[in-house]
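So you can see what is in the structure, the chains are spelled out below.
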Amino acid sequence: MDPRRLVPRTDAVLADPRLASAAGRLGRATVKAAVVAAQQRARAGEIDPGQVAEQALAALPPTAAGLRSVLNATGVVLHTNLGRAALSEAAVRAVAEAGGHTDVELDLTTGRRAKRGRDALAALAAAVPDAGDVHVVNNGAAALVLAATALAAGREIIVSRGEMVEIGDGFRLPDLLVSTGARLREVGTTNRTSLADYESAIGPETGFILKVHPSNFVVRGFTSAPDMEDLSHLTATVVADIGSGLLKPDPLLPDEPDAATTLQAGADLVIASGDKLLGGPQAGLLLGGAELVQRLRRHPLARALRVDKLTLAALHATLTGPETPTWQALRFPPADLLVRTEHAHRALTEAGIEAEVVPAVAVVGGGGAPELELPSYALALSDKYAEPLRTGTPPVVGRVERGRLLLDLRCVPADRDAELIAAIGSL
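This is a predicted model, so every value here is computed, not measured.

A few words on the pattern of salt bridges. Two side chains of opposite charge can pair, provided their charged atoms sit close to one another. Per the stated rule, a full pass over the model turns up 20 salt bridges. Between Asp-16 and Arg-18 there is a salt bridge; the shortest N-O distance is 2.9 Å. By relative accessible area, which is 17% here, Asp-16 ends up buried. Ionic pairing is found between Glu-105 and Arg-113, a salt bridge with its closest N-O pair at 2.8 Å. Within the structure, one salt-bridge network assembled from shared partners comprises Glu-105, Arg-113, Arg-116 and Arg-306.

Structural data, given as structure tokens:
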């Protein structure tokens with residue numbers, strides 16, 4: 001008999017209780033595709049026909065999310081390629097709760113429509129009381145685009161040449177601003193811009209002065225730039241893009257501007273990101289004078305840039321909940337990190353895997369605090385482990401330096417150390 005006749009029918013395989021359960025979790029189309037692929041392997045003689053169901057199960061993803069949960073052992077706290085800030089447990093629970101129907105725009109008491117995201121906005125306003133009003137859009141670049149469109153379309157934005165930054169993935173600030181219909185009025189030089197440079201550029205066509213924190217690089221030497229208090233005395237609106245999302249001063253990050261201090265110094269509008277030092281979801285935060293923020297909120301473009309209920313839920317929980325994983329990772333005591341790393345080293349040595357514990361340096365990442373170095377420790381393995389760990393379950397991502405794979409546990413939750421050790425041991 002032709003062995004291909006022994007390959008079970010698709011409907012028979014899909015009736016397997018294990019695959020039927022998976023279909024309820026992942027969707028029937030995903031499970032059927034895995035079954036068909038396994039049948040093709042059986043017809044090609046690669047597997048026994050009786051193994052079709054098992055092979056289909058093995059090929060299924062763990063969840064329907066598409067994205068995979070990764071253990072970040074890079075030593076980069078806000079790794080852009082890994083989604084920047086890891087949400088707190090409170091924020092994760094809030095997102096799950098908001099996954100169903102919510103009161104995002106409904107007042108349950110009156111039964112009438114209510115202000116969208118009012119709880120998250122109230123929490124943000126409470127976190128930065130110096131702001132007359134606040135608004136949230138879908139990321140920091142969107143916040144800047146909204147400000148430029150509403151305040152300077154067809155007009156000029158005055159910006160220092162030393163602050164014409166590239167914000168990542170090839171996107172450049174000048175291109176972003178020009179796309180709104182605004183014109184750029186560049187002042188000063190790469191390393192030095194004076195208050196007089198700004199003052200002389202102000203005219204009838206001025207939309208606003210833009211002050212950008214160059215958060216992903218540092219220029220040292222013969223440099224100068226006016227501070228926010230100086231700029232606030234000029235006759236133009238001043239918008240400050242502080243980038244990294246610090247809402248108030250942090251002793252660990254003395255060189256990072258924060259929203260509260262920037263507003264106190266006289267900025268009319270502050271723009272920041274939610275998924276960096278704040279430790280929350282991707283969002284663009286707009287904080288400033290009540291009239292100005294209301295003008296932005298009512299602009300037609302604001303509707304296209306608004307955030308969804310999941311972002312609002314995560315942002316509210318981040319602002320009102322416990323310390324975030326970002327806050328904890330930035331402050332993780334090196335001595336405690338050494339204990340965890342040595343424990344992992346002992347376990348790997350007992351399993352016959354060659355590794356060592358080495359001093360390391362962790363960084364903030366995400367375009368923030370580029371010069372801050374965090375003393376750390378790492379497991380050093382052969383770089384041959386890098387790819388299989390990235391593609392394993394769970395994926396473990398470290399960094400390769402000088403032929404060695406370094407695994408820094410700073411951003412790995414302590415209760416997942418055993419998973420990381422098991423992932424290495426399984427190779």
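Looking now at the layout of surface pockets. Its volume calculated, the largest pocket comes out at about 1,600 Å³. Lining the largest pocket are 44 residues; nearest its centre among them are Val-70, Ala-85, Ala-86, Leu-87 and Pro-325. Those elements giving two or more residues to the lining of the largest pocket turn out to be β1 (71–72), α5 (89–97) and α15 (325–330). If one sorts the elements of the lining of the largest pocket by residue count, α15 sits on top with 5 residues. Split into classes, the residues belonging to the lining of the largest pocket amount to 22 nonpolar, 12 polar and 10 charged. Forming the walls of the second largest pocket are 41 residues, and the residues nearest its centre are Val-212, His-213, Pro-214, Asp-255 and Pro-257. Only β10 (206–212), β11 (238–243), α11 (259–264) and β15 (368–382) provide two or more residues apiece to the lining of the second largest pocket.

What counts as what
- Residues numbered from 1 in each chain as written.
- Predicted model: local features only at pLDDT ≥ 70, side-chain atom pairs only at ≥ 80, totals over all residues.
- Heavy atoms only, no water.
- Salt bridge = Lys/Arg side-chain N within 4 Å of Asp/Glu carboxyl O.
- Buried < 20%, exposed > 50% of the residue type's maximum accessible area, 1.4 Å probe, protein only.
- 1 Å grid on protein atoms, 1.4 Å probe; cavity = no way out; pocket = protein on both sides within 12 Å on 5 of 7 lines; lining within 4 Å.
- Points joined across faces, edges and corners; volume = space filled by probe spheres on them.
- Helix = DSSP H or I, 4+ residues; strand = E, 2+ residues; numbered from the N terminus.
- Nonpolar A, V, L, I, M, F, W, Y, C, P; charged D, E, K, R; others polar.

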